[in-house]
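# Architecture at a glance
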Amino acid sequence: MRRPQLDIQLKTPEQIELMRAAGLVVARALRRMREAVAPGVTTADLDAIAEATIRDAGAVPSFKGYHGFPASICSSVNEQVVHAIPSAQQVLREGDLISIDCGAVLDGWHGDAAVTVAVGEVDPALLRMAEVAEDAMWAGIAAAARGAASGKGRLTDISYAVESAVRKGGRYGIVDGYGGHGIGTEMHQDPHVLNHGRPGKGPRLVPGLALAIEPMITMGSPRTVELADGWTVVTRDRSMAVHVEHSMALLDDGVWVLTAEDGGRARLGDLVTARQPADSPAR
């Protein structure tokens, strides 16, 4: 079923189950890459781990070939915000931050998530920025769950919750022009989910809605530029940046964080649907 105007695809509970399977493939790939991050590792090494994990699960990397993108992950280091292409020449160094964005499609349904990982010993101020981004993402997901439960929630309630959490956390730039999105049978669907804005606007938050929530924040300016490769986005002032993301879906009895191995229960508690067993972590 698709809603008019924005062409929003609402999923059945059975379709959300299929999305969960794709989400777990992404979660597994991200976990394995997180474990591999260390000084001396290249971003191409991480890409190889992702592709092998995804294909071993019977899925396909959704980034590879997307509008010509040549890899299975985006591996954005330090001032790189999003969409950086993995390279055998990009060697991780002590003190770096790397944001790894990964997607997989399984049985026609997409999962999409991102994590920011410290490389060795990292400046505590940068670790704090990554923590703020993570908290803001979960605040946005919680706002979606509460909005759907009340029957009064609107899309920009998520945006407002993300922005509020970032502002509470410190003086960070919220990246201009980039945000979350609908997800389902395509990786990017309506609606676009901004990481800032006033609440109470946009489409209603209803069961069947699946979204990727993805804050991107910087230590400086929110403005960005795209490099000559046509993909890599960096901060204009070259300040450090972080990016985190989860795909989630709303059901009649709560939210399901499809790319979190525990479905989101550790962060969201009873807001999580009963379809995610409390004692069944991903394998």
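Residues numbered from 1 in each chain as written. Predicted model: local features only at pLDDT ≥ 70, side-chain atom pairs only at ≥ 80, totals over all residues. Heavy atoms only, no water.

### Considerations on the overall build of the protein chain
- For the protein chain, the count of helices and strands is 5 helices and 17 strands.
- In terms of overall dimensions, the protein chain is globule-like: its C-alpha atoms have a radius of gyration of 17 Å, near the 19 Å expected for 283 residues.
- With respect to the principal axes defined by its C-alpha atoms, the protein chain has extents near 50 × 40 × 35 Å.
- When the 283 residues of the protein chain are sorted by exposure, 54% land in the buried category.
- Put simply, of all contacts in the protein chain between residues at least 6 apart along the chain, 68% involve residues at least 24 apart.
- When the accessible surface of the protein chain is summed, it comes to about 11900 Å², and 51% of that surface belongs to carbon and sulfur atoms.
- If you average the places of the 28 positive and of the 35 negative side-chain charges in the protein chain, the two averages end up 6 Å apart. (Helix = DSSP H or I, 4+ residues; strand = E, 2+ residues; numbered from the N terminus. Rg over C-alpha atoms; globule rule 2.2 N^0.38 Å. Buried < 20%, exposed > 50% of the residue type's maximum accessible area, 1.4 Å probe, protein only. Contact = heavy atoms within 4.5 Å. Areas by Shrake-Rupley, 256 points an atom, 1.4 Å probe, with all protein chains shown as cover. Lys, Arg positive; Asp, Glu negative; His and termini not counted. Charge placed at Lys NZ, Arg CZ, Asp CG, Glu CD.)

### Some words on the UniProt feature "binding site: a divalent metal cation 2" (unreviewed entry) in the protein chain
- On the UniProt side, "binding site: a divalent metal cation 2" (unreviewed entry) is annotated at positions that read Asp112, His181, Glu214 and Glu245 here. Across 134 residues of sequence, these annotated residues stay compact in space, with a maximum C-alpha separation of 10.6 Å.
- One can find histidine 181 in strand S9 (residues 180-182).
- For histidine 181, the residues in contact, after removing those within four places along its chain, are Asp112, Met187, His188, Gln189, Pro191, His192, Val193, Ala210, Leu211, Ala212, Glu214 and Glu245.
- A polar contact of 3.2 Å, which involves the side chain of histidine 181, links it to the side chain of aspartate 112.
- Within the fold, glutamate 214 resides in the loop between strand S11 (210-213) and strand S12 (216-218).
- Judged by relative accessible area, which is 6%, glutamate 214 ranks as buried.
- Apart from residues lying up to four places away in sequence, glutamate 214 is in contact with Asp101, Gly179, Gly180, His181, Asn195, His243, Val244 and Glu245. (UniProt positions renumbered as here; feature names shortened; annotations may be inferred. Polar contact = N/O pair within 3.5 Å; in protein donor to acceptor, adjacent residues only side chain to side chain.)

### As for the sheet that holds S12
- The sheet built from 3 strands is open, its strands ordered S8-S12-S15 with antiparallel pairing. The open sheet has two edge strands with one neighbour each: strand S8 (173-174) and strand S15 (241-243). (Pairing = 2+ DSSP bridges.)

### Overview of the environment of proline 203
- Positionally, proline 203 belongs in the loop between strand S10 (189-193) and S11.
- Taking the relative accessible area as the measure of exposure, proline 203 reaches 22% and is therefore partly exposed.
- Sequence separation of proline 203 and glycine 153 is 50 residues, and the distance between their C-alpha atoms is 8.6 Å.
- Those residues in contact with proline 203 that lie beyond four places of it in its chain are Leu6, Ile8, Gly153, Arg154 and Leu155.

### Some points on the packing of helix H1 (residues 13-36) against helix H2 (residues 43-56)
- Orientation of H1 relative to H2, taken along the N-to-C sense of each, is 150°, at an axis distance of 9 Å. Taken together, the axis directions place H1 and H2 in an arrangement best described as roughly antiparallel. The element H1 and its partner H2 pack so that their crossing is right-handed. Touching Val25, Arg28, Ala29, Arg32, Met33 and Ala36 of H1 are Leu46, Ile49, Ala50, Thr53 and Ile54, all from H2.
- Tallied by class, residues from the contact of H1 with H2 come to 8 nonpolar, 1 polar and 2 charged. (Axes fitted to C-alpha atoms, helices over the stretch in contact; angles between N-to-C directions. Parallel < 35°, antiparallel > 145°, perpendicular 65-115°, else oblique. Left-handed = near helix turned anticlockwise from the far one by under 90°. Nonpolar A, V, L, I, M, F, W, Y, C, P; charged D, E, K, R; others polar.)

### Some words on the sheet that holds strand S14 (residues 233-235)
- One open sheet accounts for 3 strands, arranged S5-S14-S13; its pairing is antiparallel. Two strands close off the open sheet at either side, each with one partner strand: strand S5 (80-82) and strand S13 (224-226). Strand-to-strand twist of the sheet, defined as the mean angle between neighbouring strand axes without regard to direction, takes the value 40°.

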